[in-house]
Amino acid sequence: MPELPEVETIKKYLERKIVKQKIQDIKIFDRKGFKGEKNKVIGTKILKIKRKGKFLIFILNNSYNLLFHLKMTGQILFFNFLRNSEINKATKVIFVLNNGYLIFNDVRRFGWVKVVAEKNLKEEIKNLGIDALNLTFDDLKEILSKTKRPIKLVLMDQRRIAGIGNIYANEALFLAKINPLKPANSLKNEEIKELLEAIKIVLKKAINYGGSSISSYVKPDKRKGKYQEKFLVYRREGEKCKNCKTVIEKIKLGGRSTFYCKNCQK
Ligand SMILES: [Zn+2]
């Protein structure tokens, strides 16, 4: 699933390409993937692109927004010219802009884009926690103190912290040397500090590498991200820990694959 670094990479790319452009038309291929009335946004200009957690938001010039969630396998592509070969079974929506074509693809079909009146945007994302890049020590301490659930599950809980999914929860916990099963409220101040630092380091590094392309995620120009080449533990089960050479283990936690070094992560 695209997480904060992947959505941020898409946002940065689109900021350079489609801000100030006009939406001339919207072609919907999968009705389930487009919520709301397209007529409300045809003819508008894209003023700004924002991200909150894993949501991408286009601010338009008529008090409407477009809210995207890529879910498991969503892709956003942008091309100046549209080749027929770019349209396939995964294509949900094509936005025809002044300067090109924004294509929203999703193989698994859970992703969506929604037309939202600006005044309703807050309501739409009201359950979303603090964006992981804005998290402070006090925020994190407060969030962790309220629950004894395993720390990894709390990091991935979008209602508490927005943007961290399975990849970056695994990576940050390894970097902070914290066991993913550890009860959240048992972390000491020093560990919380280490964890906060690790979260920021991992997310920023992943953004610098254009995100992780392990399944369908690509940048809007279809190039792959490169952070998957830098994984510390994610999908490295059976391989040696980069710190201590202990074999990395894989367990299931909350139904998700969890990777860790039992020697380094106490
Ligand atoms: Zn180790």
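Values in this document were obtained by computation on a predicted structure and should not be read as measured data.

Chemist: For helix 3 (residues 137-145), give the residues involved together with the corresponding values.
Modeler: Of all the residues in helix 3, the buried ones are L140, I143 and L144. In an axial view of helix 3, the angular spread of the buried residues amounts to 95°, which keeps them on one side of the axis. Summarising the contacts, the buried residues of helix 3 are in contact with strand 10 (130-131), helix 4 (151-155), strand 11 (161-162) and helix 6 (189-208).

Chemist: So, the coordination of the zinc ion: which residues are in play, and what are the values?
Modeler: Bound to the zinc ion on the protein side are C241 (SG), C244 (SG), C261 (SG) and C264 (SG), at distances that span 2.2 to 2.4 Å. Every donor counted, the four donor atoms about the zinc ion form angles of 102 to 114° at the centre, which fits tetrahedral coordination. Counting gaps between the donor residues of the zinc ion yields the pattern C-x2-C-x16-C-x2-C. Of this pair, C241 sits in the loop between helix 6 and strand 12 (249-253) while C264 sits in the segment after strand 13 (256-260), and the two are 23 residues apart along the sequence. On the basis of relative accessible area, C264 is assigned to the buried category, the value being 11%.

Chemist: Kindly report on the pairing of strand 6 (residues 74-79), identifying the contributing residues and their values.
Modeler: With respect to burial, strand 6 is a largely interior element, six of its six residues being buried. Inspection of the sheet shows strand 6 paired to strand 8 (residues 100-106) by six bridges, in the antiparallel sense. The partner of Q75 across the bridge, within strand 8, is N105.

Chemist: Describe the side chain of S212, listing the residues and the values that go with them.
Modeler: Secondary-structure assignment places S212 in the loop between helix 6 and strand 12. S212 gets classed as buried once you look at its relative accessible area, which sits at 3%. Polar side-chain contacts of S212 include one of 2.7 Å to the side chain of Y168. Apart from residues lying up to four places away in sequence, S212 is in contact with E6, I167, Y168, Y217, Y227, Q228 and F231.

Chemist: Account for the environment of D221, with residues named and values stated.
Modeler: Tracing the sequence through the fold places D221 in the loop between helix 6 and strand 12. A relative accessible area of 22% means that D221 is categorised as partly exposed. Along the sequence, D221 and F174 sit 47 residues apart, while their C-alpha atoms lie 32 Å from each other. Within the structure, D221 has its side chain in polar contact with the side chain of R223 (distance 2.8 Å).

The rules behind these values
- Residues numbered from 1 in each chain as written.
- Predicted model: local features only at pLDDT ≥ 70, side-chain atom pairs only at ≥ 80, totals over all residues.
- Heavy atoms only, no water.
- Buried < 20%, exposed > 50% of the residue type's maximum accessible area, 1.4 Å probe, protein only.
- Helix = DSSP H or I, 4+ residues; strand = E, 2+ residues; numbered from the N terminus.
- Arc of directions from axis to C-beta.
- Contact = heavy atoms within 4.5 Å.
- Donors = N, O, S within 2.8 Å, 3.2 Å for Na, K, Ca; no water.
- Tetrahedral: all angles 85-135°; square planar, octahedral: opposite > 155°, others 65-115°.
- Pairing = 2+ DSSP bridges.
- Polar contact = N/O pair within 3.5 Å; in protein donor to acceptor, adjacent residues only side chain to side chain.

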